[in-house]
Amino acid sequence: MILSTVFEAGISIQYYVILSAILFSIGVIGVLIRKNAIVLLMCIELMLNAANLLLVAFSSYFEQSDGQVFVFFIMVVAAAEATVGLSILIMAYRNIRTVDVSLFNQLKD
Amino acid sequence: MSIDLIIYLLGGLTIGSALMVIISKHPVRSVLYLILTFFLISANYIMLNAQFVAIVNIIVYAGAIMVLFLFVLMLLNLSKENEPKTSLLVKVSALISGSLLLLVLLAVFKDASFLSIENEVSNPNHGLVQNLGKLLFTKYVLPFEVSSILFIAAMVGAVLLAKRDKNIIE
């Protein structure tokens, strides 16, 4: 089965590079402007997905499967990070009753 | 409807829903917009001939990780009233620094040329599960096993951290 790609239809690889860069920047801005720790974790997921999109785009561009295998490993790391991060958050919420990251400052004093 | 239009529409929708994730005040709304973003990214994967990755993305991200986020949100019982506020100065400076990062990335990639890899046979069925499985269990079998160790460590860590018993933590 031969499937035609979007790159044969006239879309350049630069489009996906720019799309991923924009998504990654949105994730960075989200990490900077939000104070809710759960939303911060979600913005990190957004950044990981921007990297995934770029890997898949290049995998499709070069017609090699390797990039898509790396996407699986990024998903594994993202899942592990989300579970551990959320359980740390639950523990912090149990102790200080908030998820505001600016109040997680007990190590300071 | 030409394929270009579909691709550009998908890209625009993805950016829009990603923006809604960080703009929405209510965390539950952010989670729902993030699920929408993941579905749109999966649509992008399908357009890129990566069918298996698209399905896995929906199952793992939208199905498992986001449900975990929703569960934690329900568990913590957050509302719009006690959502932490960010000052305007922080918001503006974050917007400026994020936009600068985007500017630098765009300036770098604007004129970059992406040459093909030499001596590699291209495979038009690269996104199908047969090829990915073969590659995962031959060339990348060691990272695959290491990732299972990572999962066990994460599982034990999550159970240990979320346990109510204080003696373990202290």
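In what follows, the accompanying structure is described. These numbers come from a predicted model, not from an experiment.

Criteria and thresholds
- Residues numbered from 1 in each chain as written.
- Chains lettered and ligands numbered in written order.
- Predicted model: local features only at pLDDT ≥ 70, side-chain atom pairs only at ≥ 80, totals over all residues.
- Heavy atoms only, no water.
- Contact = heavy atoms within 4.5 Å.
- Buried area = accessible area lost by both parts, 1.4 Å probe.
- Salt bridge = Lys/Arg side-chain N within 4 Å of Asp/Glu carboxyl O.
- Core = buried A, V, L, I, M, F, W, Y, C linked by side-chain atoms within 4.5 Å.
- Buried < 20%, exposed > 50% of the residue type's maximum accessible area, 1.4 Å probe, protein only.
- Helix = DSSP H or I, 4+ residues; strand = E, 2+ residues; numbered from the N terminus.
- Phe/Tyr/Trp six-rings, centres within 6.5 Å; stacked < 30°, edge-to-face > 60°.

Concerning the interface of chain B and chain A
Right, on to step 1. With 91 residues of chain B in contact, the opposing surface of chain A contributes 78 residues.
Right, on to step 2. Where chain B abuts chain A, roughly 7,500 Å² becomes buried across the two surfaces, and 74% of that area is made up of carbon and sulfur atoms.
Right, on to step 3. Inspection of the region where chain B meets chain A yields one salt bridge.
Right, on to step 4. Its salt-bridge partner being K139 of chain B, residue D66 of chain A comes within 2.8 Å of it at the nearest N-O pair.

Regarding the nonpolar core
Right, on to step 1. The biggest cluster of nonpolar side chains holds 71 residues, and the ones touching the most others in it are Y16 and I38 of chain A together with V53 and F69 of chain B.
Right, on to step 2. Looking at this core, the elements with two or more residues in it are α1 (13–33), α2 (37–62) and α3 (66–96) of chain A together with α1 (3–23), α2 (27–47), α3 (51–76) and α5 (129–138) of chain B.
Right, on to step 3. For this core, the element with the most residues is α2 of chain A, which contributes 13 residues.
Right, on to step 4. The residues touching I38 of chain A, leaving out its near neighbours within four places in the chain, are L89 of chain A together with F69, V72, L73, L76 and L78 of chain B.

Quick notes on the packing of aromatic side chains
Right, on to step 1. Taken as a whole and assessed by the stated rule, the structure comprises 10 aromatic pairs over all chains.
Right, on to step 2. Summarising the aromatic geometry, the rings of Y15 of chain A and Y16 of chain A are spaced 5.1 Å apart at their centres and angled 75° between planes, so their arrangement reads as edge-to-face.
Right, on to step 3. Residue Y15 of chain A is classed as buried on the basis of its relative accessible area, which comes to 15%.
Right, on to step 4. Of the residues examined, Y16 of chain A reaches a relative accessible area of 0% and is grouped as buried.
Right, on to step 5. Here the aromatic rings of F70 of chain A and Y140 of chain B are separated by 5.3 Å at their centres, their planes lie at 70°, and the arrangement is edge-to-face. In this pair, F70 of chain A is assigned in helix α3 and Y140 of chain B in the loop between α5 and α6 (141–162), connecting two distinct chains.
Right, on to step 6. Classification of F70 of chain A as partly exposed rests on a relative accessible area of 39%.

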